[in-house]
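An overview of the molecular structure
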Amino acid sequence: MFWLKVRSFMKTVFSALKVVLVGVVAIVVVGGFAIWWNGASETDRQNVQDIVTGFGSFAKKK
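Presented here is an overview of the structure given in this document. (Residues numbered from 1 in each chain as written. Predicted model: local features only at pLDDT ≥ 70, side-chain atom pairs only at ≥ 80, totals over all residues. Heavy atoms only, no water.)

**What about the overall build of the protein chain?**
Definition in use: Under the scheme used here, helices are H or I runs from DSSP no shorter than 4 residues and strands are E runs no shorter than 2 residues, and both carry numbers assigned from the N terminus. As a reference, a globule follows 2.2 Å times the number of residues to the power 0.38, and the radius of gyration itself is taken over C-alpha atoms. Relative accessible area decides the class of each residue, using a 1.4 Å probe on protein chains only: under 20% of the type maximum gives buried, over 50% gives exposed, and in between gives partly exposed. Calculation of accessible area relied on Shrake-Rupley with a 1.4 Å probe; when residues are assessed, cover is drawn exclusively from the protein chains displayed.
Counting its regular elements, the protein chain contains 2 helices and 0 strands. For 62 residues, the compact-globule estimate of 2.2 N^0.38 gives 11 Å, and the protein chain exceeds it by more than 25% at 20 Å. The dimensions of the protein chain, computed from C-alpha atoms along their principal axes, are 60 × 35 × 5 Å. A total of 62 residues make up the protein chain; the buried ones form 3% of that total. Of the accessible surface of the protein chain, which amounts to about 5,700 Å², a share of 75% is contributed by carbon and sulfur atoms.

Encoded structure:
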């Protein structure tokens, strides 16, 4: 009985850790992109905007 409680507790902890990990990764990706964006040259920004608009129109076509 004790082990079942431990196992369910561990499952809860692991699922919580997964959520935290995904959150941290998302923050790091967005933060890294924001830092890069501030340091990026104008042509780099234009390229990213072109990719985003191209992807947006591609998604709309589907």
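On we go from here.
**Examining helix α1 (residues 2-39)**
As a reminder, the rule being used: Expected span of a helix: the number of residues minus one, times 1.5 Å.
Between the first and last C-alpha of α1 there are 55 Å, a value that for 38 residues agrees with the 56 Å anticipated at 1.5 Å per step. Across the 38 residues that make up α1, only a small minority, 0, are buried.

**Thoughts on a nonpolar patch on the surface**
Put simply, the test is: Patch membership requires more than 30% relative accessible area and the absence of a salt bridge. Residues of like charge join within 9 Å; the nonpolar side chains Val, Leu, Ile, Met, Phe, Trp and Tyr join within 5 Å. By salt bridge we mean one thing: a side-chain nitrogen of Lys or Arg within 4 Å of a carboxyl oxygen of Asp or Glu.
Side chains of Phe9, Met10, Val13, Phe14 and Leu17 sit close together on the surface and give an oily, nonpolar patch of about 480 Å² of accessible area. With respect to the secondary-structure elements, Phe9 resides in helix α1. In this structure Phe9 comes out as exposed when scored by relative accessible area, which is 54%.

**Digging into the packing of aromatic side chains**
Counted only if it meets this: Ring pairs are drawn from Phe, Tyr and Trp, using the six-membered ring of Trp, whenever the two centres fall within 6.5 Å, and their geometry is named by plane angle: stacked under 30 degrees, edge-to-face over 60, tilted for the rest.
For the structure on display, the rule yields 2 aromatic pairs. With a centroid separation of 5.6 Å and 65° between ring planes, the pair formed by Phe2 and Trp3 is classed as edge-to-face. Taking the relative accessible area as the measure of exposure, Phe2 reaches 59% and is therefore exposed. With relative accessibility at 62%, the residue Trp3 sits in the exposed group. Between Phe33 and Trp36, the aromatic rings sit 5.6 Å apart at their centres with planes inclined by 35°, giving tilted as the arrangement. Taken together, the residues Phe33 and Trp36, both in helix α1 and 3 residues apart, mark about one turn of the helix. Trp36 sits in the partly exposed class, given a relative accessible area of 37%.

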